[in-house]
Amino acid sequence: MFDFSKMFESDGPDIVYPWAIPMFAGIIFIEMAYSHFNKEKLYETKDVATNVLLALLNYSLDIIMKGFSMLVMMFFYYHRIFDWEVGVWYWIAVFLAQDFAYYVHHYVDHHSRVFWAVHITHHNSDYFNITTGFRSPVFQPLYRYLFFSPLAFIGFHPLHVMVAYSAIQIYGTFVHTQSIKSMGFLEHILVTPSHHRVHHACNIKYLDRNMGMGLIIWDKIFGTFEKEDPNVPVKYGIYPKMKSKDPATVLFYEWRRIGKDLRQPGLSIKDRLKYLFYSPGWRHDGTGKTVRQFQKEYKEKIKNKPPQAKPEQTEVEAESTTEAEYTAN
């Protein structure tokens, strides 16, 4: 039997994951059956295979980096500024702190291009199902621990931090589904499938929204929350679309685009650094637009709608005209 209490011990992740895998397999099978019998086409074989491949690559790198990442986090823990008494309130604090640290991590992934180049693999599928949760940013283990090290510095043991991360990550995988439309009152507290569908959308209105993995409160506090709007049906994937869906393109798509930008003649070192660390869409000659700029234009189009126009019609027209420019960018 699974002893729930042991997940709060130092080897928690090693206990949780073996039990989570068969549970995931069962739920994925159920969703596949639901998709088949309802003819919703939520799954595609090649896409699922890509998701599994990326998950295996990410897991392999995670194992390689595990010792080094723990060494860095233990360094900060050794120099911690607080000592906590381990108990119920301690674990509540660990989970809240970890969930907030992930929110910050995720926010940076979307707003700094070099991090987006890693994270984009999680978004560049045109499908959205439970296996999308396994479509991992492969190179993330190379730097993820840097976002969690501050938690060790304020006194949370690194192993406990990773236990919390593992548990929240497992929950976060389940919200990659179109099969659950609403979770009732939990929509106000947790990240739900509806919230995460918005996050994976490539609609202008939804870009860079709902960054949380466990709790939705961080998005509401920091202004990144967006509710799923029936007037703007979710479109999945990225713009511009990848011309090929082979694993190498999926993995290195944005890196190749960055390389092309960096090879432009006459760039200053400052501009080259901006191409790496500024928001995706930024260009040194002013011809590019970031997500914030596109969303500002979109809101202006909604604001300036004709008085007689229907809300849903205006939303769709504003989305389609802004999206056309975004696609070409």
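Everything here concerns the structure above.
The structure displayed is predicted, hence computed values, not measured ones.

1. Considerations on the packing of helix α3 (residues 88-111) against helix α6 (residues 158-174)
Okay, step 1: For the pair α3 and α6, the least separation of the axes is 9 Å and the interaxial angle reads 65 degrees. The pairing of α3 with α6 is recorded here as roughly perpendicular in orientation. In this structure, α3 crosses over α6, and the sense of that crossing is right-handed. Residue-level inspection shows Y90, W91, V94, F95, Q98, D99 and Y102 of α3 in contact with α6, the latter providing H160, V161, V163, A164, Y165, A167 and I168.
Okay, step 2: Looking at the contact of α3 with α6 residue by residue, the classes come out as eleven nonpolar, two polar and one charged.

2. Structural notes on the packing of helix α2 (residues 45-78) against α6
Okay, step 1: Between α2 and α6, whose axes approach to 9 Å, the crossing angle comes to 125 degrees. As far as their axial angle goes, α6 and α2 are oblique. Each of M70, M73, M74 and Y77 in α2 lies in contact with α6, whose residues at this interface are P158, L159, V161 and M162.
Okay, step 2: Class assignment of the residues belonging to the contact of α2 with α6 gives a composition of eight nonpolar, no polar and no charged.

3. A closer look at the layout of surface pockets
Okay, step 1: Estimated volume of the second largest pocket: approximately 650 Å³.
Okay, step 2: Lining the second largest pocket are 30 residues, and of these Y239, P240, E254, R257 and P280 sit closest to its centre.
Okay, step 3: Sorting the residues of the lining of the second largest pocket by element identifies α4 (113-119) and α9 (247-262) as the ones contributing at least two each.
Okay, step 4: Looking at the lining of the second largest pocket residue by residue, the classes come out as 13 nonpolar, eight polar and nine charged.

4. Focus: unusual backbone geometry
Trans peptide bonds make up most of the peptide bonds, and negative phi angles are found at most residues other than glycine.
Okay, step 1: Backbone torsion omega between Y239 and P240 reads -10 degrees, so that peptide bond is classified as cis.
Okay, step 2: Relative to the helices and strands, P240 resides in the loop between α8 (217-222) and α9.
Okay, step 3: The backbone of K41 sits at a positive phi, close to 55 degrees, despite the residue not being glycine.
Okay, step 4: The class of K41 is exposed, set by a relative accessible area of 70%.

5. Quick look at the nonpolar core
Okay, step 1: Formed by 26 residues in total, the largest nonpolar core has its most connected members in F148 and F156.
Okay, step 2: Elements represented by at least two residues in this core include exactly α2, α3, α5 (144-153) and α6.
Okay, step 3: Tallying contributions element by element places α3 first for this core, with seven residues.
Okay, step 4: Those residues in contact with F156 that sit more than four places away from it in its chain are Y77, W84, Y90, A93, V94, A97, L151 and V161.
Okay, step 5: One finds I204, V234, Y236 and V291 within the second-largest nonpolar core, a separate group that totals twelve residues.

6. Notes on the side chain of N124
Okay, step 1: Among the secondary structure elements, N124 is positioned in the loop between α4 and α5.
Okay, step 2: The buried category is assigned to N124, whose relative accessible area is 3%.
Okay, step 3: Looking at N124, its side chain comes within polar contact range of the main-chain oxygen of V250, at 3.1 Å.
Okay, step 4: Those residues within four positions of N124 in sequence are excluded, and the remaining contacts are R135, I238, M242 and V250.

Procedures and definitions
Residues numbered from 1 in each chain as written. Predicted model: local features only at pLDDT ≥ 70, side-chain atom pairs only at ≥ 80, totals over all residues. Heavy atoms only, no water. Axes fitted to C-alpha atoms, helices over the stretch in contact; angles between N-to-C directions. Helix = DSSP H or I, 4+ residues; strand = E, 2+ residues; numbered from the N terminus. Parallel < 35°, antiparallel > 145°, perpendicular 65-115°, else oblique. Left-handed = near helix turned anticlockwise from the far one by under 90°. Contact = heavy atoms within 4.5 Å. Nonpolar A, V, L, I, M, F, W, Y, C, P; charged D, E, K, R; others polar. 1 Å grid on protein atoms, 1.4 Å probe; cavity = no way out; pocket = protein on both sides within 12 Å on 5 of 7 lines; lining within 4 Å. Points joined across faces, edges and corners; volume = space filled by probe spheres on them. Buried < 20%, exposed > 50% of the residue type's maximum accessible area, 1.4 Å probe, protein only. Core = buried A, V, L, I, M, F, W, Y, C linked by side-chain atoms within 4.5 Å. Polar contact = N/O pair within 3.5 Å; in protein donor to acceptor, adjacent residues only side chain to side chain.

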